Amino acid sequence: MEPSSTQPLPITKLRAALKGSFALTPDSEGYEASLHRWSEAAEKRAAVVVQARSAEDVSTALLFAQEHGLEVAVLGGGHSTSGSSSTEGGLLIDLTKMRQVTVNPSAKTIKAQGGAIWEDVDLAAAQYGLATVGGTVNHTGVGGLTLGGGYGWLSGKYGPTIDNLVEAEIVLADGQIMTTSEKENPDLFWAIRGAGQSFGVATSFTFRGYEQKNPVWGGLLAFDTSALDKVVDFANELVETTKGQSAMVVGIGAPAPTHEVRLLTVLFYDGNEEEARAYYDALFKLGPVVDRTSETTYKQVNSMLNGVSTHGDRKTQKGSAFTVPLPPALAQTLVQDYAKFINEVPDAKKTIILMEYFSQKMVTKVAQTAMSFANRGSHYNILFSTRWTGAQNDAICREWTRNMGRKVTNELTKTKNNEGVGEYGNYDGVSSSSAQDIFGVNYERVLELKKMYDPKNIFAKGAGKFSF
Ligand SMILES: Cc1cc2nc3c(=O)[nH]c(=O)nc-3n(C[C@H](O)[C@H](O)[C@H](O)COP(=O)(O)OP(=O)(O)OC[C@H]3O[C@@H](n4cnc5c(N)ncnc54)[C@H](O)[C@@H]3O)c2cc1C
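Residues numbered from 1 in each chain as written. Predicted model: local features only at pLDDT ≥ 70, side-chain atom pairs only at ≥ 80, totals over all residues. Heavy atoms only, no water.

A. Representation of the sheet that holds strand 14 (residues 262-269) within the structure. Strand order in this open sheet of seven strands is 15-12-14-13-17-18-16, and the pairing throughout is antiparallel. Pairing within the sheet leaves two strands with one partner each, and these edge strands are strand 15 (290-296) and strand 16 (314-322). Pairwise comparison of adjacent strand axes, ignoring direction, gives a mean angle of 15° for this sheet. As judged from the five bridges shared by strand 13 (residues 246-253) and strand 17 (residues 352-357), these two strands associate in the antiparallel manner. Across the sheet, the residue bridging to Val 250 is Met 355, located in strand 17. Across the sheet, helix 13 (residues 394-415) is in contact with strand 16, strand 17 and strand 18 (380-388); its angle to strand 16 comes to roughly 5°. (Pairing = 2+ DSSP bridges. Helix = DSSP H or I, 4+ residues; strand = E, 2+ residues; numbered from the N terminus. Axes fitted to C-alpha atoms, helices over the stretch in contact; angles between N-to-C directions. Contact = heavy atoms within 4.5 Å.)

Shown next, in the form of structure tokens:
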């Protein structure tokens, strides 16, 4: 949407209406920084940025945008690769100054402002010996991850992030500030747990916290690709037998300095090093070529993937799902496709494929229709995370990513029972899936509520596009 008028925007009026928040235009200090995203390819130039400090100012910004016909984008942690937290010529609500986290140790709840990142939550909760289900890369935003579902190392014990959300504060398109929980405005609470990015601006989230014992253990074990079948066998068994204390990611990548294709497994164990090494003994016996595992604390463990998830460069992502046991032939094909791709497009050698072996037992304990999120099933996320530097490679990298997602989805439809949509909305960084694709059996109800809470589709950029 372009500004409705060619008249300059009345920024002075906006600034006067804001109570403590800043309105930034291209000539303001801080404007350029507010455009930065995890992927440079997702950066766009807003006409005005409201660097919000309160729900009231978010409300003011939303009403101003609508009065002047401006597209709205909301920035949390900035990790979406689809550009959903950026706008060309519209109004950006930047929540990055709203990162406060408060913990209530007696109620065991953790309240995070809408612009917090997971590191903020992990550090604040750890002061009270608590943790909740956050992302595995601690610089991702609490906002985008939670509103789309949320998986982490503790999902095997406590399910996805949304199953641990007890309350949120949401600013709706009409400017109303609403508290929502199972008891208060429950239909909005149903909607935001999965489709939240399409319903409003979340200015706070309250999560259930759990006692988190330390130490925990984790890190990277890299293998030659000849170990593929054995590594996949191990992961297949882990996910069927774990009691929630363990989880692993099987990655395919080509790390520096040699950029040879490797299996990059990232392991997690909720216990000490001795227990963890005994548990993962069969993997150690395969002879990893790199061992970067160690005993650590829970507040540190979500930084162990940061090294392969740095900011910068151009990126896209696409998710799909697989069932276990993952057929060895499919795993071999993924390695071959990956090797061929980075050989043909050497600029994309930092691309990784990640298969998340996180137990779904707790995820599937909750009914598919309990909230808008519709990806509960005995299938596991796979993510194609493509990274390159030259804009001339945008099309080829995006096409490969989309095609790989489609290829795995075609396999999935052969094996999957009729549970869950088989795609995590937050992994659709190419925006190729519709709201029906992402919300499956819940689509009709999500749409009905969307029309009620956001009839003009002001929040039009979230995972699973709505069109009405
Ligand atoms: C390196 C990396 C690691 C990841 N790891 C995990 C993981 O372990 N588990 C997992 O489940 N997912 C993971 N993801 C996916 C992640 O959940 C999505 O990328 C998510 O959208 C990121 O949210 P964000 O706030 O950082 O991004 P943004 O780009 O800021 O936001 C993404 C979307 O959410 C909206 N949004 C953000 N905050 C708010 C808010 N407060 N109110 C309303 N709308 C908001 C934005 O408008 C946008 O539409 C990962 C992604 C990356 C890139």
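B. Here's a closer look at the packing of helix 8 (residues 228-241) against helix 12 (residues 328-344). Where helix 8 contacts helix 12, the axes come no closer than 10 Å and their chain directions differ by 125°. When the interaxial angle is binned, helix 8 and helix 12 end up oblique. Helix-helix and strand crossings are classified by hand; for helix 8 and helix 12 the assignment is right-handed. Across from Leu 228, Asp 229 and Val 232 in helix 8, the residues of helix 12 making contact are Pro 328, Ala 331, Gln 332 and Val 335. Residue composition of the contact of helix 8 with helix 12, by class: five nonpolar, one polar and one charged. (Parallel < 35°, antiparallel > 145°, perpendicular 65-115°, else oblique. Left-handed = near helix turned anticlockwise from the far one by under 90°. Nonpolar A, V, L, I, M, F, W, Y, C, P; charged D, E, K, R; others polar.)

C. Spatial organisation of the nonpolar core. If you look at the biggest cluster of nonpolar residues, it comprises 65 residues, and the most contacted ones within it are Trp 153, Leu 188, Ile 192, Phe 199, Phe 205 and Phe 439. The element best represented in this core is helix 7 (residues 186-195), accounting for six residues. Residue contacts for Phe 205: discarding those within four places in its chain leaves Ile 110, Lys 111, Ala 112, Gly 114, Val 142, Gly 143, Thr 146, Leu 147, Leu 165, Glu 167 and Ala 168. Counting 45 residues, the second-largest nonpolar core is a separate cluster that includes Ala 227, Phe 284, Ala 331 and Trp 400. (Core = buried A, V, L, I, M, F, W, Y, C linked by side-chain atoms within 4.5 Å. Buried < 20%, exposed > 50% of the residue type's maximum accessible area, 1.4 Å probe, protein only.)

D. Examining the pairing of strand 4 (residues 91-94) more closely. Alternating residues of strand 4 divide into Leu 91 and Ile 93 and Leu 92 and Asp 94, and every residue in both groups is buried. Taken together, the four bridges between strand 3 (residues 72-75) and strand 4 define a ladder with parallel strand orientation. Residue pairing in the sheet places Leu 75 in a bridge with Asp 94 of strand 4.

E. Molecular detail of the UniProt feature "domain: FAD-binding PCMH-type" (unreviewed entry) in the chain. Mapped onto this numbering, the UniProt entry gives "domain: FAD-binding PCMH-type" (unreviewed entry) at residues 41-212. Along residues 41-212 the backbone is 25% helical and 26% strand, and the end-to-end C-alpha distance reaches 38 Å. (UniProt positions renumbered as here; feature names shortened; annotations may be inferred.)

F. Region of the structure containing helix 13. The terminal C-alpha atoms of helix 13, which comprises 22 residues, lie 32 Å apart, in line with the 32 Å expected from a rise of 1.5 Å per residue. All of the buried residues along helix 13 are Asp 394, Cys 397, Trp 400, Thr 401, Met 404, Gly 405, Val 408 and Leu 412. End-on view of helix 13: buried residues confined to an arc of 150°, all on one side of the axis. Of the exposed residues in helix 13, those oriented more than 90 degrees away from the buried face are Ala 395, Thr 413 and Lys 414. Taken together, the buried residues of helix 13 touch strand 16, helix 12, strand 17 and strand 18. (Expected span 1.5 Å × (residues − 1). Arc of directions from axis to C-beta.)

G. Representation of the site of the ligand. The ligand sits among 32 residues. The nearest are Val 74, Gly 78, Ser 85, Tyr 151 and Tyr 424. A distance of 2.8 Å separates a nitrogen atom of the ligand from a polar backbone atom of Ala 202. Between the ligand and the protein, one listed contact pairs an oxygen atom with a side-chain N or O atom of Tyr 424 at 2.6 Å. Surface burial for the ligand is 97%, taken as the share of its 940 Å² of free accessible area covered by protein chains. Looking at the shell around the ligand, the elements that each hand over two or more residues are strand 3, helix 5 (142-148) and strand 10 (201-208). Broken down by element, the residue count for the shell around the ligand peaks at four residues, all from helix 5. Residue composition of the shell around the ligand, grouped by class: 12 nonpolar, 20 polar and no charged. (Near = heavy atom within 4 Å. Polar contact = N/O pair within 3.5 Å; in protein donor to acceptor, adjacent residues only side chain to side chain. Areas by Shrake-Rupley, 256 points an atom, 1.4 Å probe, with all protein chains shown as cover.)

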